[in-house]
Amino acid sequence: MRHRHLSTLTLALGVAVLLDVLRVWLPSVITLFGRAAETPAELLGAFALGWFLLALAAPTLVRRVGAAPVGLVAAGVLAVARLVLTAQPGGPAQLWSACAGLLAGLIWLAAVAASVPRPVAGLALGLAGNAVGHALLGTEDLVWRGGVLAWGLSVLLVLAFLAASVTARRDRTDAPVGGEAGSRVSVPGRRAWLLCGPTLLLAGQVALAPAVWSAAAGTGSPDFPGLARPAGGSPLGALAVLLFLAAALFRAPVRLARLLWPSALLAGSVLFVTGRLVPAYLLTAVGLGGCLALTDTATGDDRAAATDERDAVTDERDAGDGRAGARRGRAAALGMLVFAVATVAYYAAYDLGYPNGWAPVATAVLVALVAATAPLRPAPAPGPTPSGGASPGPVLPAAARVAALAGLTALAGLAAVLHVPATNARATTATAAVRVAAYNIRMGFGLDGRLDLDALARELRGADVVLLSEVDRGWWLNGGHDTLALLAGRLGMPYVFAPAADPVWGDAVLSRFPMRSGQTRRLTAHGAPTGAQALGVTLDLGGRELAVVATHLQPPPGRDPVEQAGEVAAFARRYANGRPLVLGGDLNTEPDDPAFAEFTRTGLVDALAAARPLRTSPADDPRTQIDHVFVSPGLTAGEVRAPRTEASDHLPVTLTVTLP
């Protein structure tokens, strides 16, 4: 046992690398394989789940070949795929590189599970470390950034992971293939490995999601009840990291923990579904960390050195049995399959039209049950202690745990200070001409499947007011980015956000003029699978006010969104209350359709009429006119354009609106 805690470091680094690959693989499946909902949801789900089903064969491969060689080869492929993605290939090369990296990562997990019976510390540090790094980068991953910084840090991460993997292999004797020992006893670490996938999902979607921290920070200000505005650095993200690591690395008394941690986790998942983001991620963080701790293979805290050594020897003996290692490997593979099923189920609801709130709640229930029913101390496997054996991965010394907790919490707090968004604009002199842009940004992903916010910003520079549709503030399926904050930072514009499909996906208004008040109205679904809303914001043009309404109509399958159009038109006229009005967004209706007529019927004027036909979708071959801007009578529109770009699957619409 020359490097007693090396398995913990290797696991933490590997989890961080795998998460980086997942943040590319998930949106690549949607944007490249799915082609913006052109691929049937059932086929897309089958493609995504297929890679996790393939990984179910990994434990058999590990048992036949050996954990060390399989793990080392898989780590190499995972590392190479991670660097290939840093090159931002886009298109099919990006999709298949991410798929190769994902499969290699799943095989690597199964190999590590076969030889590490105590993974809790490594999993916790890997999840928290990746989240803190994501926060320090403002939720824009290194793989999407490019440049010297991205390559330098990526290479350092990959080299550290490979070096730790190679060193761990030298210290490890492969587990034997056969053996009956452990076949009738509790397998150390199996529950912890089973929770790897569900924990990864709940951490990425809720608890350790910096984009969700950001989205929650500015919600509920007095002038904008229920809406999200830019907020200063919030310590709550650092508090989530602190709670998660403290609960995972410093175990509470077991009888108290079995009641407290599962209850906190379940409460947090329910609050997330209901849109209470701040208490949701704090409770989920502490509950998730505590449930992980309950599955560790030993009880107690800060044990004496002799007891720690005895536990480590027992762990080595258990890990030395090939059957026990195979069971841990299968548990890890099954846990990641749970991750995939829950992820696909949650987001497929927006295509298939069923309630999806049960997915994170059911995942939390699974974690809670596995943790609450864990034995206080698994029975050790019988038989003599082998002379060699797998790396035991004992719990980290107290000093190391305190250092990791303090360091990662401090870095998470630093991230909040580094990325302070633009505040509300100051009052200006009276303005009569306003440059308006309306753009469906597809969560920031271009037709090549790359997150390219610079390309989006180039199309929107020069606009005074921006109406955005399909704004993503933390969807795990899209990689967990706060697209709105990243884009607003590039433009130097404050924003107001309103959720539609769920608490972190919806529409936004960005403005160079002061935003004085705001209001949102949730639209009736009328059979549409994805939620919709209308967001009204009042702008101060230097003594004059302009009402702006942003929306994204969601038509029921095979129908025109005529009912929602009527709701939005009525809301807009009521919200404007006699003030000049601009309404725009992705309306999913053409000029000759009944839904379009709902806007003109209420007296609104088609601001793009003089430039039609003005086709805006799809971006690479525009055939439909579904992105529109309407104005109240008396306002005039000019300089109308729909510039060609593939930064999204829609083209932006820009125009100058002149007030009388």
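Here we summarise the structure given alongside this text. Just so we're clear, the structure is a prediction, and the values are computed from it rather than from any experiment.

## What about the overall build of the chain?
Counting its secondary structure elements, the chain contains 22 helices and 12 strands. Within the span of the chain, comprising 660 residues, buried residues form 60% of the whole. Within the chain, contacts between residues separated by at least 24 positions form 80% of all contacts whose residues are at least 6 apart in sequence.

## Side note on helix 19 (residues 453–460)
Residues of helix 19 that are buried include every one of Leu453, Ala455, Leu456, Ala457 and Leu460, and no others. Looking at the buried positions of helix 19, the neighbouring elements they touch are strand 1 (433–440), strand 2 (465–472) and helix 20 (483–491). Glycine 462 occupies a position one or two residues after helix 19 and carries a positive phi of about 100°.

## Quick notes on the packing of helix 21 (residues 562–576) against helix 22 (residues 594–601)
The interhelical angle for the contact between helix 21 and helix 22, taken along N-to-C directions, is 20°, at an axis separation of 8 Å. Considering the angle they form, helix 21 stands roughly parallel to helix 22. Helix-helix and strand crossings are classified by hand; for helix 21 and helix 22 the assignment is right-handed. For the pair helix 21 and helix 22, contact is made by Val562, Ala565, Gly566, Val568 and Ala569 and by Pro594, Ala595, Glu598 and Phe599, respectively.

## Remarks on the nonpolar core
Grouped together as the largest cluster of nonpolar side chains are 155 residues, with contacts concentrated most on Trp25, Trp193, Phe244, Leu245, Leu468 and Leu510. Top contributing element to this core by residue count: helix 1 (residues 6–33), with 15 residues. Setting aside residues no more than four positions away along its own chain, leucine 468 makes contact with Tyr439, Ile441, Leu460, Leu484, Leu487, Asp507, Ala508 and Leu510. Grouped together as the second largest cluster of nonpolar side chains are 31 residues, Val509, Val537, Leu614 and Leu635 included.

## Considerations on the sheet that holds strand 1
Spatial ordering of the open sheet is given by 3-4-2-1-12-11, a layout of 6 strands whose pairing is mixed. Strands at the two margins of the open sheet, each flanked by one partner only, are strand 3 (495–502) and strand 11 (636–641). Geometrically, the sheet is characterised by an average inter-axis angle of 20° between neighbouring strands, direction not taken into account. Taken together, the 6 bridges between strand 1 and strand 12 (residues 653–658) define a ladder with antiparallel strand orientation. Bridging from a neighbouring strand, valine 434 pairs with valine 657 of strand 12. Sheet contacts for helix 19: strand 1 and strand 2; angle to strand 1, the most-contacted strand, approximately 150°. Here helix 20 sits on the sheet in contact with strand 2, strand 3 and strand 4 (505–511), set at roughly 150° to strand 2.

## Here we look at the packing of helix 4 (residues 67–86) against helix 5 (residues 91–115)
Contact pair helix 4 / helix 5: the axes reach a minimum separation of 8 Å and the direction vectors enclose 150°. When the axes of helix 4 and helix 5 are compared, the pair comes out roughly antiparallel. Here helix 4 and helix 5 pass one another in a crossing that is left-handed. In this structure, helix 4 uses Ala67, Val70, Gly71, Ala74, Ala75, Val77, Leu78, Ala81, Val84 and Leu85 to contact helix 5, whose residues at the interface are Gln94, Ser97, Ala98, Ala100, Gly101, Ala104, Gly105, Ile107, Trp108, Ala111, Ala114 and Ser115.

## Considering the packing of aromatic side chains
A ring pair, where both rings are aromatic, is described by two values, the distance of the centres and the angle of the planes. Applying the stated criterion across every chain, the model contains 18 aromatic pairs. Seen in terms of ring centroids, tryptophan 213 and tyrosine 281 are 6.4 Å apart; in terms of plane orientation they differ by 50°. Their pairing is tilted. Residue tryptophan 213 is located in helix 11 (residues 210–217), and its partner tyrosine 281 is located in helix 14 (residues 277–294); the two are separated by 68 residues in the primary sequence. Across the pair, exposure class does not vary: tryptophan 213 and tyrosine 281 are buried alike. Of the aromatic side chains, those joined through ring pairs into one cluster are Tyr346, Tyr347, Tyr350, Trp475 and Trp505. The residue whose ring lies beneath arginine 473 is phenylalanine 497, and the NZ or CZ to ring-centre distance is 5.4 Å.

## Structural notes on the side chain of threonine 589
Tracing the backbone shows threonine 589 in the loop between strand 8 (581–586) and helix 22. Among the polar contacts listed, one links the side chain of threonine 589 to the side chain of aspartate 560, at a separation of 3.0 Å. Beyond its immediate stretch of four places on either side in the chain, threonine 589 contacts Asp560, Pro561, Ala595, Phe596, Gln625, Ile626 and His628.

## Re helix 12 (residues 236–249)
Note that an α-helix has 3.6 residues per turn; residues three or four places apart therefore point the same way. An ideal rise of 1.5 Å per residue puts 20 Å on 14 residues; helix 12 measures up with 20 Å between its terminal C-alpha atoms. Inspection of helix 12 places Gly237, Ala238, Ala240, Val241, Phe244, Leu245, Ala247, Ala248 and Leu249 among the buried residues, and these make up the whole buried set. Elements that come into contact with the buried residues of helix 12 comprise helix 6 (120–136), helix 10 (196–207), helix 11, helix 13 (254–273), helix 14 and helix 18 (398–418).

## Observations regarding the side chain of serine 269
Take serine 269: it is sitting in helix 13. Residues contacting serine 269, with those up to four places away along its chain left out, are Thr284, Pro360, Val361 and Ala364.

Reading guide: rules and limits
Residues numbered from 1 in each chain as written. Predicted model: local features only at pLDDT ≥ 70, side-chain atom pairs only at ≥ 80, totals over all residues. Heavy atoms only, no water. Helix = DSSP H or I, 4+ residues; strand = E, 2+ residues; numbered from the N terminus. Buried < 20%, exposed > 50% of the residue type's maximum accessible area, 1.4 Å probe, protein only. Contact = heavy atoms within 4.5 Å. Axes fitted to C-alpha atoms, helices over the stretch in contact; angles between N-to-C directions. Parallel < 35°, antiparallel > 145°, perpendicular 65-115°, else oblique. Left-handed = near helix turned anticlockwise from the far one by under 90°. Core = buried A, V, L, I, M, F, W, Y, C linked by side-chain atoms within 4.5 Å. Pairing = 2+ DSSP bridges. Phe/Tyr/Trp six-rings, centres within 6.5 Å; stacked < 30°, edge-to-face > 60°. Lys NZ or Arg CZ within 6 Å of the ring centre and 35° of its normal. Polar contact = N/O pair within 3.5 Å; in protein donor to acceptor, adjacent residues only side chain to side chain. Expected span 1.5 Å × (residues − 1).

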